[in-house]
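# Topology and contacts: notes
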Amino acid sequence: MAKRKLKKSKDTASVLGVKPASQKEMAQREKYVFSLAALALVVAVCAVPLTAETSSSGLSHHNHIILRMDEAILTVNNELATEVVVSWMSERCFQCLYQQLGVVPAGPSPGQPSSVDFVVSTQHGITLQLNSTPVQLELCTVPFHFGEHGNYSLWVKNLNDSAVVNCSVVTDADPVNSYIPILVAFLIFAGLASVSAIGTIILGLDVVKGMLFRICGSMETERLINSELGSPGRTESLVADNILPPPPSPSKRLRSLDTFRGIALVIMIFVNYGGGRYWFFRHESWNGLTVADLVFPWFVFIMGTSIALSINSMLRAGSTRCSLLRKVVWRSLQLFIIGVFIINPNYCQGPISWDNLRIPGVLQRLACSYLVVACLDLLVARGHLDILTTDALWAPGLDILLYWPAWLCVLFLEIIWLCLTFLLPVPACPTGYLGPGGIGDMGLYANCTGGAAGFIDRWLLGESHIYQTPSSRVIYATRMPYDPEGVLGSINSTLMAFLGLQAGKIILHYRDLHTRIMSRFLIWGLLLGVISAALTKCSTDQGFIPVNKNLWSLSYVTTLACFAYVLLVLVYYTVDVKKWWSGAPFYYPGMNSILVYVGHEVFEEYFPFRWRMANSQSHTEHLTQNLVATSCWVFISYMLYRKKMFWKI
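Keep in mind that what you see is a predicted model, and the values were worked out from it rather than measured.

Criteria and thresholds
Residues numbered from 1 in each chain as written. Predicted model: local features only at pLDDT ≥ 70, side-chain atom pairs only at ≥ 80, totals over all residues. Heavy atoms only, no water. Helix = DSSP H or I, 4+ residues; strand = E, 2+ residues; numbered from the N terminus. Buried < 20%, exposed > 50% of the residue type's maximum accessible area, 1.4 Å probe, protein only. Areas by Shrake-Rupley, 256 points an atom, 1.4 Å probe, with all protein chains shown as cover. Pairing = 2+ DSSP bridges. Axes fitted to C-alpha atoms, helices over the stretch in contact; angles between N-to-C directions. Patch = residues over 30% accessible without salt bridge, like charges linked within 9 Å, V, L, I, M, F, W, Y side chains within 5 Å. Salt bridge = Lys/Arg side-chain N within 4 Å of Asp/Glu carboxyl O. Disulfide = S-S within 2.5 Å.

Turning our eyes to something else, we now look at the overall build of the protein chain. Each helix and strand counted, the protein chain has 19 helices and 12 strands in total. Considering the protein chain as a whole, with its 649 residues, one finds that 50% of them fall into the buried category. Total accessible area computed for the protein chain in this model is approximately 31,300 Å², and 64% of it derives from carbon and sulfur atoms.

Shown next as structure tokens:
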């Protein structure tokens, strides 16, 4: 969400225990999903732009001011005999200074107001403050939420008593409904999902299966004949071969885990591409949550779940812990290198330069979390869990007590985070500061963005090697570089991955006991939710540790882990237990997550993921472009799945 400083005419302002569907049924469903994916692309390109007229017809031209997205015109009419200073503050800005919008001169004569036009933001509600000059006496404050491309008038005048000033806002031209494109897109995709569900039900009917069997009967008969007669190069197996035990069957993946990963990845791609330029599809400026703040922690969470399942599988297959440790270190190094040298740099701006190369990043954070959590799991993981008893008194805590050394290490890391965050002295900043700096906290700590977390990054990495345009600039007008994927936050991302690892341990210890697995997930979700409520006092800014994505605060991790457990229950129940849903289309990008993530970053500026827009200030065109780009990556992942092509590192 890009909020602009307001001025007069410029805006500056995966294993075990679930019986899979037959290959034939899966092939039919995949062909069906393939057709729906192609249809979704066509509809997204052709149908969604039909809303462009609705959302752009309200473009306002007031005194030759051309409005952009999330802007409106405010005309301030001053009937007072003194100049009026107009200032503003966003309702999402906690304890902030008012920012000057402009000055309206005094009225030329009684009853004849002077008028000045201003451009105001419509993303959030704002509070207008009017002061008289030169005394700077507050005349009134007006909270109001302006609508996109609307025209408004603010009248400032005296009532019968000349000492009382009245301020009132009047709507001169109604705003446009900028959320209609989202509604249309939702209806389109909901319709496609309904068609898919109905088609799946129809294909499952015995009558339809019989018809398909008769249509394909001749091909099936020919296949059976060939299998009975054999091929010319076929040789009979020795009788002794039948005595040997069959080779072990490969582990069965839980589709729900790949589906969960795919949900997080698809939403991540959509918000990274812009999310239609809606504020709730962008990261929160400081405290609080938006849709964009949900997906990365979920990806970290399900990575931890996969670690538990994959390490257990490899230990059962006979791999040594030393060999697995080498694989873990090598994979972490690969992720870190890809993040630093492929994802972060903008090669369109010239050759890579160490002078301004950003060191932290998403893949770098994943690499660090993966390395720590995988090493902890290698320390305590057990290859054979079927010999463990479940009748003992301490059986309900079995999935925790068996791995107490790892839990102690994680608790120790969390104590380090708490000590550094609340006890580390930061020059010119209060100890334990968690604020954004800038105009927040009444502007007293303008250069203290992020407190200890920001200080550690600037000290270890240097200001030129961290993120230069943090989301705190949007509302809090901060000037300091700050990296949301910094060093100190990596401790809490490790905690997030470890909580995901706990979900994997639950799956391993309660294999095939679906009710026990889901109940344990819900218990963990409830426990983490209670911890979040205590840390935040159920408020955005008033808690002990607010929910904050930039800081990766402790309450942010517990809140998102709570959501992750609840979502995992829903996906696990519908996909793997009841098999009401195959996981499509999210299952396919979830199976190829690294390739899809790296690809969407590298090819972001290329067609068909981006093209020149007819109106770059239209939510409709941005939403269409971002939905098409995201659908393309889902389609690509589906084709790669069909070709059995997966990028593993």
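Spatially, 4 strands are ordered S8-S5-S11-S12 in an open sheet, and the strand pairing comes out mixed. With partners counted over all chains shown, the strands left at the sheet margins are strand S8 (114–121) and strand S12 (165–173), one partner each. Taking each pair of neighbouring strands and ignoring which way they run, the sheet shows an average axis angle of 25°. As paired strands, strand S11 (residues 151–158) and S12 are joined by 8 bridges and run antiparallel to one another.

Another aspect to go through is the pairing of strand S5 (residues 71–78). Counting buried positions along S5 yields 8 of 8 residues, so the element is predominantly enclosed. What you see with S5 is no split at all: Glu71, Ile73, Thr75 and Asn77 on one side and Ala72, Leu74, Val76 and Asn78 on the other are buried throughout. When S5 meets S11, the two strands line up parallel, connected through 6 bridges. Paired with Asn78 across the strands is Val156, a residue of S11.

Now for a nonpolar patch on the surface. A grouping of Trp330, Leu333, Ile337, Phe341, Ile342, Ile352, Val602, Phe603 and Tyr606 is seen on the molecular surface, where their side chains present a nonpolar patch of about 850 Å² in accessible area. If one sorts the elements of the nonpolar patch by residue count, helix H8 (residues 321–343) sits on top with 5 residues. For Tyr606, the location among the structural elements is in the loop between helix H18 (593–602) and helix H19 (619–642).

A few words now on the sheet that holds strand S9 (residues 126–132). What the 4 strands build is an open sheet, ordered S7-S6-S9-S10; its pairing is antiparallel. The two strands at the open ends of the sheet, each matched to only one other strand, are strand S7 (99–104) and strand S10 (137–144). Shown here is a sheet whose adjacent strand axes are inclined to one another by a mean of 20°, direction ignored.

Per the stated rule, a full pass over the model turns up 3 disulfides. The partner cysteine of Cys93 in its disulfide is Cys96, sulfur to sulfur 1.8 Å. On the sign convention where negative is left-handed, the bridge of Cys93 and Cys96, at about -75° about the S-S bond, is left-handed. Cys93 sits in the buried class, given a relative accessible area of 7%.

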